[in-house]
Amino acid sequence: MTEPQSTLVADIAGPTIERRGVHLFPEGDSPWDLINGFFEWFGNLGVFSWEVLKAAVTPPFEWRELIRQLDEVGSKSLPLVALAGGAIGVVISLEARYSLSRFGAKSLFPATLVYSVVQVMGPIITGLVVSGRVGAGIGAELASMKVTEQIDAIEASAINPYRLLVATRILACILMLPLLTIAADGCGLMTGWFAQTLVEPLSLHQFIENGFRGATFNAFLPQTFKTTVYGLIIGLIACFQGMQTRGGAAGVGRAATNSVVLGSLFIILADVVLVKFILVVFP
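Quick look at the structure, then. Since this is a predicted model, take the numbers as computed values, not measurements.

Right, let's get into the overall build of the chain. The number of helices and strands found in the chain is 11 helices and zero strands. Reading the helices (α) and strands (β) of the chain from amino to carboxyl end gives α-α-α-α-α-α-α-α-α-α-α. Across the 283 residues in the chain, those meeting the buried criterion constitute 37%. Within the chain, contacts between residues separated by at least 24 positions form 84% of all contacts whose residues are at least 6 apart in sequence.

Structure, rendered in structure tokens:
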């Protein structure tokens, strides 16, 4: 075979394939990398929280942006929160009536519904619903601003983006969550009472009197105001995910998804801790 022919055959054969072993974890995804990434994420979140805190307590304050965010978080989330609260009230009413009837304790229905909605289901359902709507919106909005370099333009204009974009959104979530929780509780109690009256007549006055008999502020206020922690979690996680976005449109999608998933997860974990804390502090 002549030299040109041998060169042609070598070109057709292509490069030699290197045989490699199959690893249990893909490259860069070993257990140590996952553990390091876990602690690195929390470290970055701590640094981010410190920057937000410094920006929030130093003037000038962005009152106009805060009012706009209060409207975005509060009034625009109210219909969805009211609908979720009403649905929970109907479900608890049906389940409570069936369970209490089996034990001959139908007279306890008003108190059971009130305590179930106000103390247990109202706050957690409100937090999860707001996390799904507001968390995804904040994460996607800030992520799109990040990838299109709008945040860099804000910094170039001598405006602190942590004060303008982050602190206002977090504060709006903190302030609006208790109010949305009260709205969800009210809708849940009204729909629960209405569902009961369709089966067995029960006056609204009797329902309120029996439901709140013996109730104190310690029974309801801590459960309602613990949602300020939920608001802090929703705003902080969503803003952090949005401000840390990389990778264009795909990064925006990941930021919105992670904001909802992580926000909901941390709300559930915080609820476990807060329930025990409230039982100890407000027996």
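That shown, we press on.
The angle between the axes and the distance between the axes are what describe a pair of packed helices. At a minimum axis separation of 9 Å, helix α2 (residues 31-56) and helix α7 (residues 161-199) run at an interaxial angle of 95°. Taken together, the axes of α2 and α7 are roughly perpendicular relative to one another. Only Y162, R163, V166, A167 and I170 of α7 make contact with α2, whose side of the interface consists of F48, E51, V52, A55 and A56. Of the residues in the contact of α2 with α7, the class split is eight nonpolar, no polar and two charged.

Tallied over the entire structure, the rule returns six salt bridges. Between E65 and R169 there is a salt bridge, with the nearest N and O atoms lying 3.5 Å from each other. Here the residue E65 occupies a position in helix α3 (residues 63-75), and R169 occupies one in helix α7, the gap between them amounting to 104 residues. Grouping residues by exposure puts E65 and R169 together as buried. The salt bridge involving D271 is made with K226; its shortest N-O contact spans 2.9 Å. Taken together, the residues span a long stretch of sequence, with D271 in helix α11 (residues 248-281) and K226 in the loop between α9 (217-225) and α10 (227-243) at a distance of 45 residues. Using a relative accessible area of 4% as the deciding quantity, one classes K226 as buried.

A few words now on α2. The end-to-end C-alpha separation of α2 is 37 Å, in line with the 38 Å expected for 26 residues at 1.5 Å each. Residues L45, F48, V52 and A55 constitute the buried set of α2.

Taken together, W32, I35, F38, F39 and F42 make up a surface patch of nonpolar side chains, about 590 Å² in accessible area. Relative to the assigned elements, F38 resides in helix α2.

Here we take up the nonpolar core. Among the nonpolar cores identified, the biggest contains 37 residues, and F48, V130, I138, L142, L165, V166 and C239 are the most heavily contacted of them. Contributing elements (two or more residues each) for this core: α2, α3, α5 (109-147), α6 (150-156), α7, α10 and α11. In terms of residue count, α7 provides more of this core than any other element does, 11 residues in total. Once you skip the residues sitting within four places of it in the chain, L142 turns out to touch I151, L165, R169, C239, G242 and M243. By size, the runner-up hydrophobic cluster in this structure holds 16 residues, among which are A96, L113, V117 and V118.

Take the packing of aromatic side chains next. Within this structure, the stated rule accounts for nine aromatic pairs. Measuring from ring centre to ring centre gives 5.5 Å for W41 and F240, while their planes differ by 85°; the resulting arrangement is edge-to-face. On the criterion of sequence distance, the pair formed by W41 in helix α2 and F240 in helix α10 is long-range, its members being 199 residues apart. Judged by its relative accessible area of 3%, F240 falls in the buried class. On the basis of an interplanar angle of 55° and a centroid distance of 5.9 Å, the ring pair of F61 and W63 is categorised as tilted. When its relative accessible area of 57% is taken as the criterion, W63 is described as exposed. Among the aromatic side chains, those forming a connected cluster through ring pairs are W41, F42, F48, Y162, F240 and F266.

Let's shift gears to the side chain of R169. Exposure remark for R169: the relative accessible area of 1% places this residue in the buried category. Look past the residues within four positions of R169 in its chain and what remains in contact with it is E65, R68, Q69, I138, E141, L142, L164 and C239.

What counts and what doesn't
Residues numbered from 1 in each chain as written. Predicted model: local features only at pLDDT ≥ 70, side-chain atom pairs only at ≥ 80, totals over all residues. Heavy atoms only, no water. Helix = DSSP H or I, 4+ residues; strand = E, 2+ residues; numbered from the N terminus. Buried < 20%, exposed > 50% of the residue type's maximum accessible area, 1.4 Å probe, protein only. Contact = heavy atoms within 4.5 Å. Axes fitted to C-alpha atoms, helices over the stretch in contact; angles between N-to-C directions. Parallel < 35°, antiparallel > 145°, perpendicular 65-115°, else oblique. Nonpolar A, V, L, I, M, F, W, Y, C, P; charged D, E, K, R; others polar. Salt bridge = Lys/Arg side-chain N within 4 Å of Asp/Glu carboxyl O. Expected span 1.5 Å × (residues − 1). Patch = residues over 30% accessible without salt bridge, like charges linked within 9 Å, V, L, I, M, F, W, Y side chains within 5 Å. Areas by Shrake-Rupley, 256 points an atom, 1.4 Å probe, with all protein chains shown as cover. Core = buried A, V, L, I, M, F, W, Y, C linked by side-chain atoms within 4.5 Å. Phe/Tyr/Trp six-rings, centres within 6.5 Å; stacked < 30°, edge-to-face > 60°.

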